[in-house]
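Fold and contact review
Each chain, letter by letter, is given below.
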Amino acid sequence: MIGLLIADDHPVVRAGLRAVLESEPDFAIVAEAATAERAVELAAEPGVDVVLMDLQFGPGSAMNGAQATAAITARPGAPRVLVVTTYDTDADTLPALEAGATGYLLKDAPPEELAQAVRAAAAGRSALAPSVADRLLERMRTPAAALSARETEVLGLVADGLANQGISQRLHLSQATVKSHLVHIYTKLGVDSRTAAVREARRRGLIR
């Protein structure tokens, strides 16, 4: 049996995932978590093989899904983490995969695809939503034009309306470093302004 921990702040989503997964003969739901912190705690318990992790939790959670994934996978003998979320931009996928997620699936995936992804994760194999896999392949084909994780993070904060000083404080970077990141972003996206960079990045699915 593959022991599963469902981590999502929406009770309806947890109930839906439970209903789908419990119909599989080789799955057992051993725990549920409504916050990222609780997911980290429960993932350390015996019997958890795969954590189904949402990326965004409500105000009751200080951590996000990527941070919880990093905390879980840092432990020896940790369970695998399969991200199950509604977000598929690079700003979401890159931090989660860099944090150690084995797979990344969208919540609108068919039940059979979800089951296959869980089994793949339990076996240590990656399972990626097609849109995520396509963009990762594109990053590999054109690495010089791909935004780095830090550049994506900076641009996401630009999209949130932060000025360079605010980005500097949020990311603990010098303002000169922030400006350097923006220069690289403009070059890679072929734009010459913050507004154009945000618009182009959203068109490409790099940020929300």
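Report on the accompanying structure. (Residues numbered from 1 in each chain as written. Predicted model: local features only at pLDDT ≥ 70, side-chain atom pairs only at ≥ 80, totals over all residues. Heavy atoms only, no water.)

1. Side note on the environment of Ala122
Tracing the backbone through its elements, the reader meets Ala122 in helix α5 (residues 111-122). Using a relative accessible area of 32% as the deciding quantity, one classes Ala122 as partly exposed. When the C-alpha atoms of Ala122 and Asp49 are compared, they prove to be 6.3 Å apart, with 73 residues separating the residues in sequence. Excluding its chain neighbours within four sequence positions, the residues that come into contact with Ala122 are Ile2, Val50 and Arg80. (Helix = DSSP H or I, 4+ residues; strand = E, 2+ residues; numbered from the N terminus. Buried < 20%, exposed > 50% of the residue type's maximum accessible area, 1.4 Å probe, protein only. Contact = heavy atoms within 4.5 Å.)

2. Here we look at the pattern of salt bridges
As a working rule, side chains carrying opposite charge can pair if their charged atoms are close by. Scanning the entire structure with this criterion turns up 16 salt bridges. For Arg38, the salt bridge goes to Glu41, with nearest N and O atoms at 2.8 Å. With Arg38 and Glu41 both in helix α2 (residues 36-43), this residue pair falls three residues apart, about one helical turn. As a salt-bridge pair, Glu200 and Arg203 come within 2.7 Å of each other at their nearest N and O atoms. Of this pair, Glu200 and Arg203 both sit in helix α10 (residues 194-204), three residues apart, roughly one helical turn. Relative accessible area serves as the criterion here: at 61%, Arg203 is assigned to the exposed category. (Salt bridge = Lys/Arg side-chain N within 4 Å of Asp/Glu carboxyl O.)

3. Re the environment of Met140
Summarising the element assignment, Met140 is placed in helix α6 (residues 130-141). For the pair Met140 and Ile29, spaced 111 residues apart in sequence, the C-alpha to C-alpha distance is 36 Å.

4. Comments concerning α2
Given 3.6 residues to a turn, an α-helix orients residues that are three or four positions apart in the same direction. Every buried residue belonging to α2 is among Ala36, Ala39, Val40, Leu42 and Ala43, and all of these are buried. Considering only its buried residues, α2 is in contact with β1 (2-7), β2 (27-33), β3 (50-53) and α3 (65-73).

5. Quick notes on the sheet that holds β3
Across the sheet, which stays open at both edges, the six strands sit in the order β2-β1-β3-β4-β5-β6 with parallel pairing between neighbours. Each having just a single partner strand, β2 and β6 (127-128) make up the two edges of the open sheet. Inspection of the sheet shows β3 paired to strand β4 (residues 80-85) by four bridges, in the parallel sense. Bridged to Val51 within β4 is Val81. Its contacts with the sheet place helix α1 (residues 11-22) against β1, β2 and β3, and it is angled at close to 170° to β2. Against the sheet, helix α4 (residues 90-98) contacts β4, β5 (103-106) and β6, and its axis sits at roughly 150° relative to β5. (Pairing = 2+ DSSP bridges. Axes fitted to C-alpha atoms, helices over the stretch in contact; angles between N-to-C directions.)

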